[in-house]
2 protein chains.
Amino acid sequence: MALTISDIAKLSEVSTATVSRVINSPEKVSESTRKKVMEVIKKHNYQPSGLAQSFRTKKSKTLALFIYDIDNPFYAKLIKELNKMAFDRDYTLIICDTENNKDRELEYINYINQNKIEGLIMTEGISTDHFNKLNNNMYLVCIDRDLDCELPYLRVTTNNRESVAKAIEYLVNLNHKKIAFVSGPKDVKTSIERKNGYLDIIKKYELPVDGDYIYQGDFKRESGSNALDYFLSLSELPSAIFCSNDLMAEGLLARALSLNIDIPNELSLIGFDGVSKALYKPLTTIKQDIHGIAKTSINGLISMIEGGVKGNTVKEISGEFLIGETCRRLKSGEE
Amino acid sequence: MALTISDIAKLSEVSTATVSRVINSPEKVSESTRKKVMEVIKKHNYQPSGLAQSFRTKKSKTLALFIYDIDNPFYAKLIKELNKMAFDRDYTLIICDTENNKDRELEYINYINQNKIEGLIMTEGISTDHFNKLNNNMYLVCIDRDLDCELPYLRVTTNNRESVAKAIEYLVNLNHKKIAFVSGPKDVKTSIERKNGYLDIIKKYELPVDGDYIYQGDFKRESGSNALDYFLSLSELPSAIFCSNDLMAEGLLARALSLNIDIPNELSLIGFDGVSKALYKPLTTIKQDIHGIAKTSINGLISMIEGGVKGNTVKEISGEFLIGETCRRLKSGEE
DNA sequence: TTGAAAGCGCTAACAG
DNA sequence: CTGTTAGCGCTTTCAA
């Protein structure tokens, strides 16, 4: 059996309180006893029981991440970053894979309450109903997401609207006029913002774009492929398509390849996220600063937890427009 | 503050012991008191503190997963399955992203010891030195991996050798003779087994294949692309290439596309894993039964933990050969 | 079938 | 600066 604090206390000929101090607030212990105790600790490779510490302090040092699509490489990367940063700050991160399923969410909420999870990071796509059941001293961060809930929270987001606007404007500068847009799911904040960015530029340049050039996708690869089929069914094919995420751009590109449609020569394409790799040509896209998002989220969350303060704040992280090889400049006059 | 067991005891006019029994072994309580207590529990939505339970029983109900490449979609899917199954069995799964870094591993091993993690699932690519530091009542499962360690463990693996042999034989039956192979990293068990499957068939049919047709990759996408460049530099291009995982096959395919090499008309291609989606044509591949692997791993691990037994066992899960559209039948005589 | 009581390993007043 | 002591919320003998 592993040694306990009282074993160490006996071996060091001090009290358990002193051992505890050596571990948690060494400055409160005289150098000589600290040394003495540390030696014993080292010698026996004593490690305090995390279970006992958590129990005693009522702090689990655990965070939970709500996510609904681990398969999306954007989220896979985000998980990687968050997990790493949490661990580096001595917190454990639990992945709650909700699959957008309400029962699942509820189970996780119960889990969170039972296990004294200290903070929650939420990503898109989760229903809102259950969140009142959260312990109301829960600390919250929402990444790219709005939450209808009494609890205040930190919102971390990419500047979706401006980034998309920039990308669309880039197409305009390449003389594109017939620019189509593949959106994400209807009620999702990021979807809406990205679409607004598109509409901003359409309006600004008074481009002749009607509803036909907007296809509602769902952020999944397949809807990109469906989008292309839809646009092909129109009387006038757009000359450029913006997809609201890379996954859909990939789907669209794959479909184009299989139909022998040359990108960018016949069709220009832009994505969003900056996580595509499998393509034969680098995708022009808006790269989200996943590292920055993760860092802001974890640091923000932990400082709320440790400072005991909450508040509604928004931190916007800039996306980076990456020019790949999937857009072509139209000759003037060309459509 | 949340209610505690003694609050419930008072409200139900029984002892805490009885409340505990109602929760953990209701059969030991008379129906009437059980009902009475359950009502109070329901009414107040009492949830026992997981922290206290873990502390008291010294069972964290937590498993850890060692992984080094969350980005690889095979692992992303595996994580998803494992996470879900663990949760369904009331265990928490912690993701230890080692990044193949020894210090990181050591930190995680310490974490595991401190927090009384009950079981460990390991995947490929982790060094072996630290594992002696593991509490020696740790329960272990290795997925597709061998471990040099005193602890007995359950090994769960796809029948790599046979699956690859089957795929290569398929190429032979399509009249391919010049079949090249892109391996994974050198010392990794699955790499070796997959290569052996290839060599088995090469030998069986006495195919004229020398070392030139074997390229050592590293399971990353980029090495697939490099592999193609390498094969193109040979005096005789192979007519078919087997990649030891899908990621490398994707890389190779992307490179082929950008070089205008038609797959499968100029070159046949097979992968391994069954996780590719981004391709313009479905990849012929060996699909690993990720669900089965996860299920066997979690169930095996938990029954070891709860049964208190360990043992060296191997469970082989069959891969499924999936014929996509990346292989072509050669006319007899054609090379 | 139930209750009393001890104690898991640690931290945090409080007193000295 | 250090020790004593109480107690976190739960489970588990042991006795009744």
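Rules used in this analysis
- Residues numbered from 1 in each chain as written.
- Chains lettered and ligands numbered in written order.
- Predicted model: local features only at pLDDT ≥ 70, side-chain atom pairs only at ≥ 80, totals over all residues.
- Heavy atoms only, no water.
- Salt bridge = Lys/Arg side-chain N within 4 Å of Asp/Glu carboxyl O.
- Helix = DSSP H or I, 4+ residues; strand = E, 2+ residues; numbered from the N terminus.
- Buried < 20%, exposed > 50% of the residue type's maximum accessible area, 1.4 Å probe, protein only.
- Contact = heavy atoms within 4.5 Å.
- Pairing = 2+ DSSP bridges.
- Axes fitted to C-alpha atoms, helices over the stretch in contact; angles between N-to-C directions.
- Polar contact = N/O pair within 3.5 Å; in protein donor to acceptor, adjacent residues only side chain to side chain.
- Near = heavy atom within 4 Å.
- Nonpolar A, V, L, I, M, F, W, Y, C, P; charged D, E, K, R; others polar.

**A look at the pattern of salt bridges**
Alright, step 1. Applying the stated criterion to the full structure yields 22 salt bridges over all chains.
Alright, step 2. The partner of Asp97 of chain A in a salt bridge is Lys80 of chain B, and the shortest N-O contact between them spans 3.2 Å. You can see Asp97 of chain A sitting in strand S2 (residues 92-97) and its partner Lys80 of chain B sitting in helix H5 (residues 73-88), one on each of two chains.
Alright, step 3. A relative accessible area of 18% means that Lys80 of chain B is categorised as buried.
Alright, step 4. Overlapping salt bridges bring together Lys80 and Lys84 of chain A together with Asp97 and Glu99 of chain B as one network.

**Quick word on the side chain of Asn159 of chain A**
Alright, step 1. Within the secondary structure, Asn159 of chain A is located in the loop between strand S5 (154-158) and helix H7 (160-173).
Alright, step 2. Beyond its immediate stretch of four places on either side in the chain, Asn159 of chain A contacts Glu316, Ile317, Ser318 and Gly319 of chain A.

**Structural notes on the sheet that holds strand S10 (residues 284-287) of chain B**
Residue and element names in this part refer to chain B.
Alright, step 1. Taking strand neighbours across the sheet as the criterion, the six strands line up as S7-S6-S8-S9-S10-S12 in an open arrangement whose pairing is mixed. One side of each edge strand has no neighbouring strand; the edge strands of this open sheet are strand S7 (214-216) and strand S12 (320-322). In this sheet, adjacent strand axes meet at a mean angle of 15° when their direction is disregarded.
Alright, step 2. Across four bridges, the pairing between strand S6 (residues 179-183) and strand S8 (residues 240-243) is parallel. Its bridge partner being in S8, Phe181 is matched across the sheet by Phe242.
Alright, step 3. Across the face of the sheet, helix H9 (residues 221-232) comes into contact with S6, S7 and S8 while running at roughly 145° to S7.

**Describing the interface of chain B and chain A**
Alright, step 1. Taken together, the 45 residues of chain B in the interface contact 45 residues of chain A.
Alright, step 2. For the interface between chain B and chain A, the tally reads 10 salt bridges.
Alright, step 3. Counting every contact that joins chain B to chain A gives 18 residue pairs in polar contact (both at pLDDT 80 or more).
Alright, step 4. Every element with two or more residues in the side of chain B that touches chain A is listed here: helix H4 (50-57), H5, strand S2 (92-97), helix H6 (102-114) and helix H10 (246-258) of chain B.
Alright, step 5. Element by element, the count of residues in the side of chain B that touches chain A is highest for H5 of chain B, at eight residues.

**Focus on the protein's contact with DNA strand C**
Alright, step 1. The full set close to DNA strand C counts 27 residues, and Ile5 and Arg56 of chain A together with Thr18, Arg21 and Arg56 of chain B are the nearest of them.
Alright, step 2. Each atom of DNA strand C within 4 Å of the protein was classed as base or backbone; sugar and phosphate made up 58%.
Alright, step 3. In this structure, a base nitrogen belonging to DNA strand C sits 3.5 Å away from a side-chain N or O atom of Arg21 of chain A.
Alright, step 4. Between DNA strand C and the protein, one listed contact pairs a phosphate oxygen with a side-chain N or O atom of Gln53 of chain A at 3.1 Å.
Alright, step 5. Of all the secondary structure elements, the ones that give two or more residues to the surface near DNA strand C are helix H2 (16-24) and helix H4 (50-57) of chain A together with helix H2 (16-24) and H4 of chain B.
Alright, step 6. Looking at side-chain class alone, the surface near DNA strand C contains 10 nonpolar, 11 polar and six charged residues.

**Considerations on the sheet that holds strand S10 (residues 284-287) of chain A**
All names here are of chain A.
Alright, step 1. The six strands lie next to each other as S7-S6-S8-S9-S10-S12, forming an open sheet whose pairing is mixed. At either margin of the open sheet sits one strand with a lone partner, and together these are strand S7 (214-216) and strand S12 (320-322). Put simply, the sheet's adjacent strands are angled 15° from each other on average, direction ignored.
Alright, step 2. Relative to S7, strand S6 (residues 179-183) runs parallel, the two being bridged by three bridges. The partner of Phe181 across the bridge, within S7, is Ile214.
Alright, step 3. Strands in contact with helix H8 (residues 189-204) are S6, S7 and strand S9 (268-273); relative to S6, the strand with the most contacts, it is inclined by about 170°.

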